[in-house]
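Each chain, letter by letter, is given below.
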Amino acid sequence: MKIVSIVGARPQFIKCAPVSRALRKDHQEILVHTGQHYDENMSGIFFEELSIPTPDYHLGIGSGSHGAQTGRMLAAIEEVLLKETPDMVIIYGDTNSTLAGALAAAKLHIRIAHVEAGLRSFDRSMPEEINRVLTDHASDLLFVPTENGVANLAREGIEKGVHRVGDVMVDALLFNRELAARSDILDRLDLKTGAYYLATVHRPSNTDDEKNLRSIMAAFAALDLPVIFPAHPRTRKFLEQYGIAGDTITNVRLIEPLPYLDMLALLGQAAAVLTDSGGVQKEAYILQVPCITLRENTEWVETVEDGWNVLAGADTNRIIAAVNQITGERRNQQNGQFRTHSAHYGDGTAADAIRRIISAFDKE
């Protein structure tokens, strides 16, 4: 088959890497990068580090409002699909690139495969939730990471083409964990294992809301260990716009976004991670690192059910209390089992399962 894979944001590059390696054993893949993430630290370095083939098309869409960005992507992707006439389009996750790819393919009657289907936060105020729902309802093959995802789709009447394959981010993490262990990022930042917290904040509900961002940064400043904060360009822009950077983050080391392997090394050796990222929540769970989520909900409910993740929102006191509780419990149980830890997200063979299902689907 000729397959067009569409990516545009940092988490999608990570998910795409193992799937692309598997697909190219049997099929021709055309890789399209929308340019949703365009900063070198958020984009180019990932392709090199994760050994992802150079994109066949770089659309250079860049930033913008949700509607404008999605519209420009839709038009540009349609041009590619008309030129390439693929048998299938593969999309990942829940970004504007995901939705634009699904809409472009659906309008041209091209079969769609959605990797990371079935996730729901049940919060329609999140643009990601809208993207997920619409994409799933347009897709022919839905590759679901968890049993909860399968149940979510069934409640919406989607049962055909649904396959629980596990999570491709497990594939990526297991593939790259040994390489990450060679990273010297702790030495470069003069850090000791377990003696710092790692933070990521990028969702508009936190970055675009001055009250929420101030509350989060006040919590970071009050924690008992330094907070290493690789700041997304949008987050840095709002920190500067609100005048926060110089006063309330005395306990925070603001650094540039990191390559995946350095980030993986920092995450794996942190005392805990504080994040509003879905992918980081899941990676923390897989690496058995406590997580405090700076949101009121999560699509990765298994991490909360097993006690590795605490939802704290953007409230200063709740964030501090959650960090103190979960890290205190872990310190008190260092010689025993801290929490239940299950293989909710598979065993690292999701990409190969996706390849086999796509190959069989081609014969139907």
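Positions within a chain are numbered from 1, following the residues in the order the chain's sequence is written. Under the rules for a predicted model, residues below a pLDDT of 70 receive no local features and side-chain atom pairs below 80 are neither given nor counted, while totals for whole chains, interfaces and linings still include all residues. Excluded from the side-chain calculation are hydrogens and water; included are all heavy atoms of the structure.

(A) Focus on the overall build of the protein. Here a strand is any run of E in DSSP of at least two residues, a helix any run of H or I of at least four, and the numbering for each starts at the N terminus. Each helix and strand in the protein was counted, giving 16 helices and 13 strands. We compute the radius of gyration from the C-alpha atoms alone; for a globule the expected value is 2.2 Å times N to the 0.38, where N is the number of residues. In terms of overall size, the protein behaves like a compact globule, its C-alpha atoms giving a radius of gyration of 20 Å where 364 residues would be expected to give roughly 21 Å. For the protein, the C-alpha atoms occupy an extent of roughly 55 × 45 × 40 Å along the three principal directions. Here's how the labels work: a residue is buried when its accessible area is under 20% of the maximum for its type, exposed when over 50%, partly exposed in between, all with a 1.4 Å probe on protein chains only. Residues counted as buried form 59% of the 364 residues belonging to the protein. In this description, contact between two residues means that some pair of their heavy atoms is separated by no more than 4.5 Å. Long-range pairs, those at least 24 residues apart, make up 69% of the contacts in the protein between residues at least 6 apart in sequence.

(B) How the structure looks around the pairing of strand β9 (residues 227–230). Residues Val 227 and Phe 229 line one face of β9 and the alternating positions Ile 228 and Pro 230 line the opposite face, and both faces are buried. Whether two strands pair comes down to DSSP finding at least two bridges between them. As paired elements, strand β8 (residues 197–200) and β9 share 2 bridges and run parallel to each other. In the sheet register, Leu 198 faces β9, and the bridge partner there is Ile 228.

(C) Examining the packing of helix α7 (residues 168–181) against helix α13 (residues 278–286) more closely. In the contact formed by α7 and α13, the axes pass within 11 Å of each other and the chain directions differ by 55°. In this view, α7 runs oblique relative to α13, as classed from their interaxial angle. For the crossing formed where α7 meets α13, the hand is right-handed. Residues Met 169, Val 170 and Leu 173 of α7 lie in contact with α13, whose contacting residues are Gly 279, Lys 282, Glu 283 and Ile 286. The classification used treats Ala, Val, Leu, Ile, Met, Phe, Trp, Tyr, Cys and Pro as nonpolar, Asp, Glu, Lys and Arg as charged, and all other residues, Gly among them, as polar. Looking at the contact of α7 with α13, its residues break down into 4 nonpolar, 1 polar and 2 charged. Under this scheme, a helix contributes an axis fitted over its contacting stretch, all axes are lines through C-alpha atoms, and angles between N-to-C directions fall in the 0 to 180 degree range. Should an angle fall under 35 degrees it is taken as roughly parallel, and over 145 as roughly antiparallel, whereas 65 to 115 is taken as roughly perpendicular and any remaining angle as oblique. Two helices cross in a left-handed way if the nearer one is turned anticlockwise from the farther one by less than a right angle. They cross in a right-handed way if the turn is clockwise.

(D) Just helix α4 (residues 96–107), in detail. Multiplying 1.5 Å by the helix residue count minus one yields the expected span of that helix. Helix length check: α4, at 12 residues, gives a terminal C-alpha distance of 16 Å against a target of 16 Å (1.5 Å per residue), a fit within 8%. In terms of residue burial, α4 counts as a mostly covered element, since 9 of its 12 residues are buried. Of the surrounding elements, those touching the buried residues of α4 are β1 (2–7), α1 (10–23), α3 (66–84), β4 (88–92), β5 (111–115) and α5 (127–138). We define a polar contact as two N or O atoms separated by no more than 3.5 Å, with the added condition that, inside protein, one atom must be a possible hydrogen donor and the other a possible acceptor, whereas residues neighbouring each other in sequence contribute only through side-chain atom pairs. The N-capping residue of α4, defined by a side-chain oxygen 3.2 Å from the backbone nitrogen of Ser 97, is Thr 95.

(E) Highlighting empty space enclosed by the protein. Cavities and pockets were defined on a 1 Å grid built over protein atoms only: a cavity is a set of grid points that admits a 1.4 Å probe from which the probe cannot escape, a pocket is an open set flanked by protein on both sides within 12 Å along at least five of seven lines, and lining residues are those with an atom within 4 Å of any such point. Grid points are joined across faces, edges and corners, and a volume is the space filled by probe spheres set on the points. Following the criterion strictly, the structure yields 1 cavity of 30 Å³ or more and no others. Roughly 40 Å³ of internal volume is contained in the largest cavity. In terms of lining, the largest cavity is formed by Val 115, Glu 116, Phe 143, Pro 145, Val 165, Gly 166, Asp 167, Val 168, Ala 350 and Ile 354.

(F) Layout of the side chain of Gln 281. Along the polypeptide, Gln 281 turns up in helix α13. Excluding residues that lie within four positions of it along the chain, Gln 281 makes contacts with Thr 275, Cys 291, Thr 293, Arg 295, Thr 298, Trp 300, Thr 303 and Asn 309.

(G) View of the environment of Ile 130. Along the chain, Ile 130 falls in helix α5. For Ile 130, a relative accessible area of 30% gives the class partly exposed. Taking the C-alpha atoms as reference points, Ile 130 and Leu 99, separated by 31 residues in sequence, lie 8.9 Å from one another.

(H) Quick peek at the sheet that holds strand β6 (residues 141–144). Strand order across the open sheet formed by 7 strands is β3-β2-β1-β4-β5-β6-β7, with parallel pairing between neighbours. The open sheet has two edge strands, β3 (57–58) and β7 (162–164), and neither has a second partner. Bridge analysis of β1 against β4 gives 4 bridges, and the strand direction is parallel. Within the sheet, the bridge partner assigned to Ile 3 lies in β4 and is Met 88. Set on the sheet, α3 makes contact with β1, β2 (28–33), β3 and β4; between it and β1 the angle comes to about 165°.

(I) Structural context of the sheet that holds strand β10 (residues 252–255). Read across the open sheet, the 6 strands follow the order β10-β9-β8-β11-β12-β13; overall the sheet is parallel. For this open sheet the edge positions go to β10 and β13 (309–311), each flanked by a neighbour on one side alone. The mean inter-strand angle of the sheet, taken between neighbouring strand axes irrespective of direction, is 20°. Along the sheet face, helix α10 (residues 210–222) touches β8, β9, β10 and β11 (272–275) and points at about 140° away from the line of β9.

(J) Unusual backbone geometry, seen in detail. We note that His 109 has phi near 60°; this positive angle belongs to a residue other than glycine. Phi at Glu 116 is positive, roughly 80°, even though this residue is not glycine. Position of Glu 116 relative to the elements: it lies in the loop between β5 and α5. We classify Glu 116 as buried; its relative accessible area is 9%.

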